[in-house]
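# Structural overview
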Amino acid sequence: MSVKDDVLKAMKEAGKPLSAGEVAKILGADRKEVDAAFKELKAEKAITSPVRCKWEPA
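Residues numbered from 1 in each chain as written. Predicted model: local features only at pLDDT ≥ 70, side-chain atom pairs only at ≥ 80, totals over all residues. Heavy atoms only, no water.

### Section: the nonpolar core
For soluble globular proteins, the rule of thumb is that nonpolar side chains tend to be buried together. With 13 residues, the main nonpolar core has Val7, Met11, Val23, Val34, Phe38 and Ile47 as its most contacted residues. Of all elements in the fold, only helix H1 (3–14), helix H2 (20–27) and helix H3 (31–43) reach the threshold of two or more residues within this core. Per-element accounting of this core gives the leading share, four residues, to H3. Those residues within four positions of Met11 in sequence are excluded, and the remaining contacts are Lys16, Leu18, Val23, Phe38, Ile47, Trp55, Glu56 and Pro57. (Core = buried A, V, L, I, M, F, W, Y, C linked by side-chain atoms within 4.5 Å. Buried < 20%, exposed > 50% of the residue type's maximum accessible area, 1.4 Å probe, protein only. Helix = DSSP H or I, 4+ residues; strand = E, 2+ residues; numbered from the N terminus. Contact = heavy atoms within 4.5 Å.)

Now the structure itself:
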C-alpha cells in the first residue's frame, strides 16, 4: 500500500475530520509524506475539508 492509501484508510477508520499532523501521528509516518499524500488526495478530490485545517474522505 502507498502512503496515500494508508492516509485514506486512517481517515476512514477515524470517522471524523483529521489534520495532517493527526494522520501522521496515527500512522507513525513522516509529516512530509502525509502532506504529499494530502496534496495528491486533494487534487483527486478524494478528501474534503468540512472545517479549517481538517480533512475527511469525500
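The structure having been displayed, the exposition proceeds.
### Quick word on the pairing of strand E2 (residues 54–57)
Here strand E1 (residues 47–51) runs beside E2; their pairing, made up of three bridges, is antiparallel. Bridge pairing links Thr48 to Glu56 in E2. With antiparallel pairing between neighbouring strands as the criterion, E1 and E2 make up a hairpin whose turn holds two residues, including Cys53 at a positive phi of roughly 70°. (Pairing = 2+ DSSP bridges.)

### Some words on the pattern of salt bridges
Evaluation of the coordinates by the stated rule reveals five salt bridges. With a shortest N-O distance of 2.6 Å, Glu44 and Lys4 are connected by a salt bridge. Note that Glu44 is positioned in the loop between H3 and E1 and Lys4 in helix H1, a separation of 40 residues in sequence. A residue is classified by how much of its surface remains accessible, and Lys4, at 21% relative accessible area, is partly exposed. (Salt bridge = Lys/Arg side-chain N within 4 Å of Asp/Glu carboxyl O.)

### Points about H3
Between its first and last C-alpha atoms H3 spans 18 Å; for 13 residues at 1.5 Å apiece the expected length is 18 Å, and the two agree. Among the residues of H3, those classed as buried are Val34, Ala37, Phe38 and Leu41. Along the axis of H3, the buried residues cluster in a sector spanning 105°; they form a single face. In this structure, H3 carries Lys32, Lys39 and Ala43 as exposed residues pointing more than 90 degrees from its buried face. A positive backbone phi angle near 60° is found at Lys45, which sits one or two residues after H3. (Expected span 1.5 Å × (residues − 1). Arc of directions from axis to C-beta.)

### Observations concerning the packing of H2 against H3
Running from amino to carboxyl end, H2 crosses H3 at an angle of 120°, the nearest separation of the two axes being 9 Å. The orientation of H2 with respect to H3, classified from their angle, is oblique. Between H2 and H3 lies a crossing of right-handed hand. For the pair H2 and H3, contact is made by Ala20, Gly21, Val23 and Ala24 and by Arg31, Val34, Asp35 and Phe38, respectively. The residue makeup of the contact of H2 with H3, split by class, is five nonpolar, one polar and two charged. (Axes fitted to C-alpha atoms, helices over the stretch in contact; angles between N-to-C directions. Parallel < 35°, antiparallel > 145°, perpendicular 65-115°, else oblique. Left-handed = near helix turned anticlockwise from the far one by under 90°. Nonpolar A, V, L, I, M, F, W, Y, C, P; charged D, E, K, R; others polar.)

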